[in-house]
Each structure stands twice: as structure tokens, then as C-alpha cells.
Amino acid sequence: MTEVEPASGAVHVRAPGKINIALKVGAKQDDGYHPLATVFQAVSLYEDIVAEPDSRIRVSVTGRHADRVPTDERNLAHRAAQLLADATGTEEGVHLRITKGVPTSGGMGGGSADAAAALLACDLLWGTGLAREELGHLAAEIGADVPFALTGQTALGLGRGDVLTPALARGRFHWVLALLEDGLSTPEVFRAWDVMTTTPPPAPAIPSELMQALVSGDPHRLQNLLVNDLNAPAIRLQPRIADVFDALESTSALARVVSGSGPTVVALAADHAAALGIANSLRRAGVADEVLVVTGPTSGARLIESVRAAETEG
Ligand code: ATP
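Cut-offs used in this document
Residues numbered from 1 in each chain as written. Predicted model: local features only at pLDDT ≥ 70, side-chain atom pairs only at ≥ 80, totals over all residues. Heavy atoms only, no water. Near = heavy atom within 4 Å. Helix = DSSP H or I, 4+ residues; strand = E, 2+ residues; numbered from the N terminus. Nonpolar A, V, L, I, M, F, W, Y, C, P; charged D, E, K, R; others polar. Core = buried A, V, L, I, M, F, W, Y, C linked by side-chain atoms within 4.5 Å. Buried < 20%, exposed > 50% of the residue type's maximum accessible area, 1.4 Å probe, protein only. Contact = heavy atoms within 4.5 Å. Salt bridge = Lys/Arg side-chain N within 4 Å of Asp/Glu carboxyl O. Axes fitted to C-alpha atoms, helices over the stretch in contact; angles between N-to-C directions. Parallel < 35°, antiparallel > 145°, perpendicular 65-115°, else oblique. Left-handed = near helix turned anticlockwise from the far one by under 90°.

Focus: the site of the ligand
Near the ligand you find 21 residues, and of these S105, G107, G109, G111 and D114 are the closest. Residue contributions to the shell around the ligand peak at four residues, all from helix α2 (residues 110–126). Tallied by class, the residues present in the shell around the ligand amount to five nonpolar, ten polar and six charged.

Structural data, given as C-alpha cells:
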């Protein structure tokens, strides 16, 4: 990942990508949204944002899949900065320099991580001094996955995924990520789920065994509990996911699942050595465009460095 050097008067914030260890989907409601029950875990794949003073709000993007990310008002980091400015009445501007590490449209919440990082970075740069709770409210206005990118760690998400309850997870889990270049649109995957779901599903819920397995820190206890109701619709839209699943059958992966709306596939490894072995097998099989080994949980959006203009002038 490219390291970002903060300039004078700059704030450097880092926010993690997420995986969904479990994702259960309920029937579409009148407002068009599906109620969800999910378990998020923040993993060691990051978005770095350096916020520098500017006369207006602007965004530039480098790093993984940067060419697919808008730099105008559609960018979630831009929206986050604008929302904070409107909420606090500040007339400050900001240049948000984003270095992406999380795949775009990969089901790992990269854009949400940018929004969370931008909220924290602008709050620090502008001295607007909002409490984490207030930042959390603004985060939920931007998108369902943004509050989790602020808090990180492991959490149960209900509602649209934005009603969070921290979950206790002991130790460190080792995950192998299989990235596919052709991203999936989250609304399209939900539309495919609507078409494929002929009998009304029960209200979505996460089994207590899963929460207990996380507390135990034992990946073997988690093995049979990884679930994603969006696996089938994601595979229908991106059949290469099935090739990754097949290739994982002949590895030591304890379990595999699509993250969020995909197409990233997440495989659970028993330990770090096993994760490296699984990653090598996947690379040899040539079924994914990129294979990464990460760990979780990790913290949410956090300050890496703050350089005051006065400090660098002397
Ligand atoms: P989700 O959080 O719904 O699972 P995702 O992880 O699959 O999303 P993202 O990379 O967060 O996907 O966002 C994908 C879409 O959002 C793309 O259409 C992209 O153009 C747009 N987008 C807006 N801002 C950003 C950003 N800062 N980074 C990445 N994508 C962004």
C-alpha cells in the first residue's frame, strides 16, 4: 500500500475495510430496503486519507482501483465532508487525498471506509470537535456501512446494517481474500436476490452459536457458521465466484463465504501459516485476480498523524 505523507497542517486518518462473517437478508420492505442481520469484522486492509486545508471541498484518489472511483460530489468522502460542513456551519474547505487499499465494488465497504475516515479527518482538521456519537449519526446518513467503518472491531449490525452492537471477539482470525476485478453493484445483487427468493424468508437473525464462536477465538468453532444469503445471487451475476469456491475445496480453508454483496470471497484459515498455504493454492489455481492474506478484527477509523502548520513553519 502507498504510504501517504501528510503536508503542513494535514491530518492523516486510516479506516479499515470490512468482511461480513454472516449476512442474513429479510424480505424487501415498503421503503425498498431489505432488513439485514449481519456480523461485520474490520480487517487489515485500509483506506488512507490525508486531509489538507483548501478553499473548497475536493477529492483526489490513488491506489487500488482508483480509476473506478469518482472524485466529484458522488465520492462518499466528498459527501461526508459536505455533510459535516453543513451540520457544523463551517466554511472551511478540504483537500481529501485518498489512497485506496480496499477493492472498489468488492463488498468490503471501501467507499464507506473513505466516508468514515473523511468525517474524522475533517472534524480534526476543522476543529469542529464532534463527539464520536455525533459522527456516528452523520455516518448513518451517508450509508449503512459507514457507522461500522468508524467503530471497527467486530459488531452485530441490524436494520440496514447500521444499528450496531459491539461483539466480543477473542484473539485474531486469519482470512484469505480472493479479489475479482469485475465488481458487483450492491443494488443489482439485492435485485437478483429478490428474483431468486420465491418463498418469504424469516426475519433475519444471527445464531447465538456464532457470537459464542467469536468469543472463543477458535476458528474451528466458526467453521460451520459462516453464511451469506447473497452468495447465490452474487454467483449468478459473477460465476467466477463459484470457481473460487471450487478451488478452495482442495485447500485447508475451514469455510468460505462471499463478503457483503461480493464478489470478494473470504476464506477462513486455522492460523497464519494455513492462510499463506491457502493463498498460494488460490494463486496457482489462477481463479482470482488478486489474493491477499489479512487478519481481523482491527480498529475503526483512527488518527495516524496530525501535522500542525505552526510546527512545520518553525
Ligand atoms: P458496499 O459498502 O455496498 O458493500 P462495496 O464495498 O461493494 O460497497 P464500494 O467500493 O464501497 O463498494 O463502493 C462502490 C461504488 O461506490 C462504486 O460505484 C463507486 O464508484 C462508488 N464510490 C463513491 N465513493 C467511493 C469511494 N470513496 N471509494 C470507492 N467507491 C466509491
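So, the nonpolar core
Membership of the largest hydrophobic core comes to 37 residues, with the highest contact counts inside it found for L84, V94, L96, L119 and W126. When residues of this core are assigned to their parent elements, the largest contribution, ten residues, is made by α2. Filtering out sequence-adjacent residues up to four positions away, L84 remains in contact with L119, C122, D123, W126, T128, L130, L135 and L138. Counting 30 residues, the second largest nonpolar core, distinct from the first, contains L23, L184, F190 and L230.

Topic: the pattern of salt bridges
Under the counting rule described, the total for this entry stands at 13 salt bridges. In this structure, K18 engages D145 in a salt bridge whose closest nitrogen and oxygen atoms are separated by 3.8 Å. One end of the pair, K18, is in strand β1 (residues 10–25); the other, D145, is in the loop between α3 (132–142) and α4 (146–151), and 127 residues separate them in sequence. In this structure D145 comes out as partly exposed when scored by relative accessible area, which is 22%. Note that D194 and K28 form a salt bridge whose closest N and O atoms lie 3.7 Å from each other. Of the two residues, D194 is situated in helix α5 (residues 186–196) and K28 in the loop between β1 and β2 (36–54); the sequence distance between them amounts to 166 residues.

A few points about the packing of helix α1 (residues 76–88) against α3
Following both chains from N to C, one finds α1 and α3 inclined at 130°, their axes separated by 10 Å at the closest point. Compared by their axis directions, α1 and α3 come out oblique. For the crossing formed where α1 meets α3, the hand is right-handed. Each of L76, R79, A80, L83, L84 and A87 in α1 lies in contact with α3, whose residues at this interface are L135, L138, E141 and I142. Classifying every residue of the contact of α1 with α3 by side-chain character gives eight nonpolar, no polar and two charged.

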